[in-house]
Amino acid sequence: MKTILKSVLTLGLAAGLGLAANAQKTATAPASATILADLTITLDGTQDEIAFGNISASTPGAIVLDANGTDNANTGTITNVARFDLAGAAASVTVSYSATVELANGDPTPATMIMTPEVVGAAVSTAQSGALPVPNNSTITLVDNPDTTPAVDPIYFIWVGGTIPALSGQATGLYTGVFNISVEYN
């Protein structure tokens, strides 16, 4: 009787495990990746810095270095906006950059100023004056470069200027800082 009971229990346990295994379900999902040309961003060789020029320590209004190069206010006479050249595949790209840049001097009295960047962009290198705003964390599209015949090399140009608030007795000296920008395919 014990042997029969053990056999029945063993068969019942095996049948239960078999039912549990049949309850398992599976599913699949496709996987893919699109490989695009390397995305590059380089600082132009001429428009290679954001330079407000020589400014008075007590400038009463905002100091504006216009990224379009047309409406500077309260800057020195020798100014420069930075230009970044993007190249890669004809695709959409997210552009992210520093929301503010701290400019600091080291002598004679340590002090800081905050610059708010102004960023504009266009698909043509000669279109700075008409370039459109590029908000932080926004998407732009690289397109075939119309500067060449035939149009090749998807590219986009970004110009960076900025604004410094009015100054009142600002400590003198050379103020420097770093503007960071990054790009990535969407």
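Conventions and cut-offs
Residues numbered from 1 in each chain as written. Predicted model: local features only at pLDDT ≥ 70, side-chain atom pairs only at ≥ 80, totals over all residues. Heavy atoms only, no water. Helix = DSSP H or I, 4+ residues; strand = E, 2+ residues; numbered from the N terminus. Buried < 20%, exposed > 50% of the residue type's maximum accessible area, 1.4 Å probe, protein only. Contact = heavy atoms within 4.5 Å. Phe/Tyr/Trp six-rings, centres within 6.5 Å; stacked < 30°, edge-to-face > 60°. Salt bridge = Lys/Arg side-chain N within 4 Å of Asp/Glu carboxyl O. Pairing = 2+ DSSP bridges. Axes fitted to C-alpha atoms, helices over the stretch in contact; angles between N-to-C directions. Core = buried A, V, L, I, M, F, W, Y, C linked by side-chain atoms within 4.5 Å.

J.: Let's hear about the overall build of the protein: which residues, and what values?
T.: Each helix and strand counted, the protein has one helix and 11 strands in total. Along the protein, helices and strands appear, N-terminal first, in the series α-β-β-β-β-β-β-β-β-β-β-β. Looking at the protein residue by residue over its 186 residues, the buried ones come to 33%. Contacts spanning at least 24 positions in sequence make up 74% of the contacts within the protein whose residues lie at least 6 apart.

J.: Outline the packing of aromatic side chains, listing residues and values.
T.: Inspection of every chain in the model, using the stated rule, returns three aromatic pairs. Through a chain of ring-to-ring contacts, the aromatic side chains of F84, Y97 and F179 assemble into a single cluster.

J.: Lay out the pattern of salt bridges in plain terms, naming residues and giving numbers.
T.: Between side chains of opposite charge, a pair can form when the charged atoms approach closely. All chains considered together, the criterion is met by two salt bridges. For the salt bridge of D44 with R83, the shortest nitrogen-to-oxygen distance reads 2.9 Å. In this pair, D44 sits in the loop between β1 (40–43) and β2 (63–65) while R83 sits in strand β3 (residues 82–87), placing the two residues 39 residues apart along the sequence. You can call D44 buried: its relative accessible area is 14%.

J.: Outline unusual backbone geometry, listing residues and values.
T.: For N74, which is not glycine, the phi dihedral falls at a positive 65°. Inspection of the secondary structure puts N74 in the loop between β2 and β3. Located in the positive-phi region is N137, a residue other than glycine, with phi close to 60°. Note on N137: relative accessible area 53%, which makes it exposed.

J.: How would you summarise the environment of L132 if you had to cite specific residues and measurements?
T.: Along the chain, L132 turns up in strand β7 (residues 132–133). Distance in space between the C-alpha atoms of L132 and G121 is 5.5 Å, their sequence separation being 11 residues.

J.: Lay out the environment of L65 with the relevant residues and their values.
T.: Its place among the elements puts L65 in strand β2. On the basis of relative accessible area, L65 is assigned to the buried category, the value being 1%. Apart from residues lying up to four places away in sequence, L65 is in contact with I50, A51, F52, N72, T75, T79, N80, V81, E118, G161 and G162.

J.: An account of the sheet that holds strand β11 (residues 181–185) is needed here, citing residue identities and associated values.
T.: Think of a sheet as strands paired side by side through backbone hydrogen bonds, with each pair either parallel or antiparallel. Pairing is antiparallel across the open sheet formed by three strands, whose spatial order is β8-β4-β11. Every other strand in the sheet has two partners, leaving β8 (138–141) and β11 as the edge strands with one partner each. In this sheet, adjacent strand axes meet at a mean angle of 35° when their direction is disregarded. Bridge analysis of strand β4 (residues 92–97) against β11 gives five bridges, and the strand direction is antiparallel. Paired with V95 across the two strands is V183, which belongs to β11.

J.: Describe in detail the nonpolar core, supporting the description with residues and values.
T.: Of all hydrophobic cores here, the largest spans 35 residues; its most connected members are L86, V95, I140, I158, I164 and F179. Among the secondary structure elements, those contributing two or more residues to this core are β2, β3, β4, β5 (101–105), β6 (111–122), β10 (152–164) and β11. Looking at this core element by element, the count peaks at seven residues for β10. Residue contacts for I164: discarding those within four places in its chain leaves F52, A62, I63, L103, M113, I114 and M115.

J.: Please set out the side chain of S98 residue by residue, giving values where relevant.
T.: Within the secondary structure layout, S98 lies in the loop between β4 and β5. When near neighbours in sequence (up to four residues on either side) are disregarded, S98 contacts P117, V178, F179 and N180.

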